[in-house]
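Given next are the chains, with one letter for each unit.
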Amino acid sequence: MADTALAAPPRSPLTDAAGRLAAATRSSGGAVRLAELPFLTQVNVRLDAKGAAADAVGPALGLQLPLEPNTAVRAGELTALWLGPDEWLLVGPPGGERELEARIRTAAGDEPVSVTDVSAQRTTLLVAGPRARDLLAHGCALDLHPRAFGPGRCAQTTLGRAQVVLVARDEARAGFWVLVRSSFAGYLTDWLLDAATEYI
C-alpha cells in the first residue's frame, strides 16, 4: 500500500524568530550577531574510548574523538564534542545523519557502540561578535574568559536556566554555538534578545 501521508517540509523551532534575531544583530552595530543554524546533523556516539571501536571510528570520521574533557575537535565540516568519558556528540551539516551513522557502524564492526541520531532533539543558536562572551556571561555560570573557555572548548551547562551544550568555535571570530533542546529554544531566544538590549 502506498504511503499517502503528506510530507511537510521541516520546520525549525525558531522559524518565527529569524526576523527578531536579525534585527537585534543589526541594531547592535556589530557588537553581537545572533542567528539560528537550523537542522544541523547531530549524532550521539557512545563507545569505550580505550577500545578497538574508538581506534576505528576516529579515522573513519577523519578526526580523532577528543579524550580531554570539555573539548571539541573539528575536521572539515564535522565537529566532535566531548560529553563524557565514553560519549561524544558529532555535529555536521544538515542532512548528513544517515551517512554519518553508517560510517560509524561500519567502522566499529562487531565492537560495542551506540549511535543515535538526535538531530531533531536540538537546534543551534549562533552567538558571535565582540560582545558575545559578555552576552552569554549574563546567564551562564561558567568562566567564559578565553583563558578558561577558549576556542575548541565545549561544556554541558545552563544558560538563562535552560540546559545547553555551549561550544566555543575554533575559527576566527566564529563565536559560539548554543545547542538547546527544541522545547526550550523559544524561551532561550527570548532570553538572549532581552539580554542583548544592553548592546542595542
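Please refer to the structure placed before this passage.
Here's what I pulled together on the structure shown here. This is a predicted model, so every value here is computed, not measured. (Residues numbered from 1 in each chain as written. Predicted model: local features only at pLDDT ≥ 70, side-chain atom pairs only at ≥ 80, totals over all residues. Heavy atoms only, no water.)

Before going further, it helps to spend a moment on the environment of L126. Secondary-structure assignment places L126 in strand β7 (residues 122–128). Remark: the alpha-carbon pair of L126 and S27, spanning 99 residues in sequence, is separated by 17 Å. Once you skip the residues sitting within four places of it in the chain, L126 turns out to touch R33, L34, A35, L37, A174, F176 and W177. (Helix = DSSP H or I, 4+ residues; strand = E, 2+ residues; numbered from the N terminus. Contact = heavy atoms within 4.5 Å.)

This part covers the nonpolar core. Within the largest apolar cluster, 32 residues are counted, with the highest numbers of intra-cluster contacts made by L135, L136, L159, V178, L188 and L192. When residues of this core are traced back to their parent elements, those giving at least two are α1 (18–27), β7, α4 (132–137), β8 (154–159), β9 (162–168), β10 (176–181) and α5 (182–196). When near neighbours in sequence (up to four residues on either side) are disregarded, V178 contacts T123, T124, L125, V127, L136, L159, V164, V165, L166 and L188. Ranked by size, the runner-up nonpolar core spans 18 residues in total, among them A53, L63, I104 and V115. (Core = buried A, V, L, I, M, F, W, Y, C linked by side-chain atoms within 4.5 Å. Buried < 20%, exposed > 50% of the residue type's maximum accessible area, 1.4 Å probe, protein only.)

With that settled, consider the sheet that holds strand β6 (residues 114–117). Taken in spatial order, the 5 strands of this open sheet run β3-β4-β5-β2-β6, and their pairing is antiparallel. One side of each edge strand has no neighbouring strand; the edge strands of this open sheet are β3 (72–75) and β6. With strand direction ignored, the average angle separating the axes of adjacent strands in the sheet is 20°. Examined bridge by bridge, strand β2 (residues 41–46) and strand β5 (residues 87–92) share 6 bridges and lie antiparallel to one another. By the bridge assignment, N44 is partnered in β5 with L89. Along the sheet, helix α3 (residues 97–108) makes contact with β2, β4 (78–84), β5 and β6, crossing β2 at roughly 20°. (Pairing = 2+ DSSP bridges. Axes fitted to C-alpha atoms, helices over the stretch in contact; angles between N-to-C directions.)

Moving on to the sheet that holds β9. Taken together, 5 strands build an open sheet; the order of strands is β1-β7-β10-β9-β8 and the sheet is antiparallel. Edge positions in the sheet fall to β1 (33–37) and β8, since each of these pairs with one other strand and no more. Strand-to-strand twist across the sheet, computed as the mean angle between neighbouring axes with direction ignored, equals 30°. As paired elements, β8 and β9 share 6 bridges and run antiparallel to each other. Residue pairing for β9: Q156 is matched across the bridge by V165. Of the strands in this sheet, β1, β7, β8, β9 and β10 are in contact with α5, which crosses β10 at around 135°.

Under the definition given, this model contains 9 salt bridges. Here R20 makes a salt bridge to D190, at a shortest N to O gap of 3.1 Å. A residue pair is termed long-range when its members are at least 10 positions apart, and R20 in helix α1 and D190 in helix α5 qualify at 170 residues. Put simply, E99 and R103 hold a salt bridge, and the shortest N to O gap is 3.4 Å. Pair noted here: E99 and R103 are both in helix α3, with a separation of 4 residues, about one helical turn. Of the residues examined, E99 reaches a relative accessible area of 46% and is grouped as partly exposed. (Salt bridge = Lys/Arg side-chain N within 4 Å of Asp/Glu carboxyl O.)

Interpretation note: all reported values are geometric properties and have no functional meaning in isolation.
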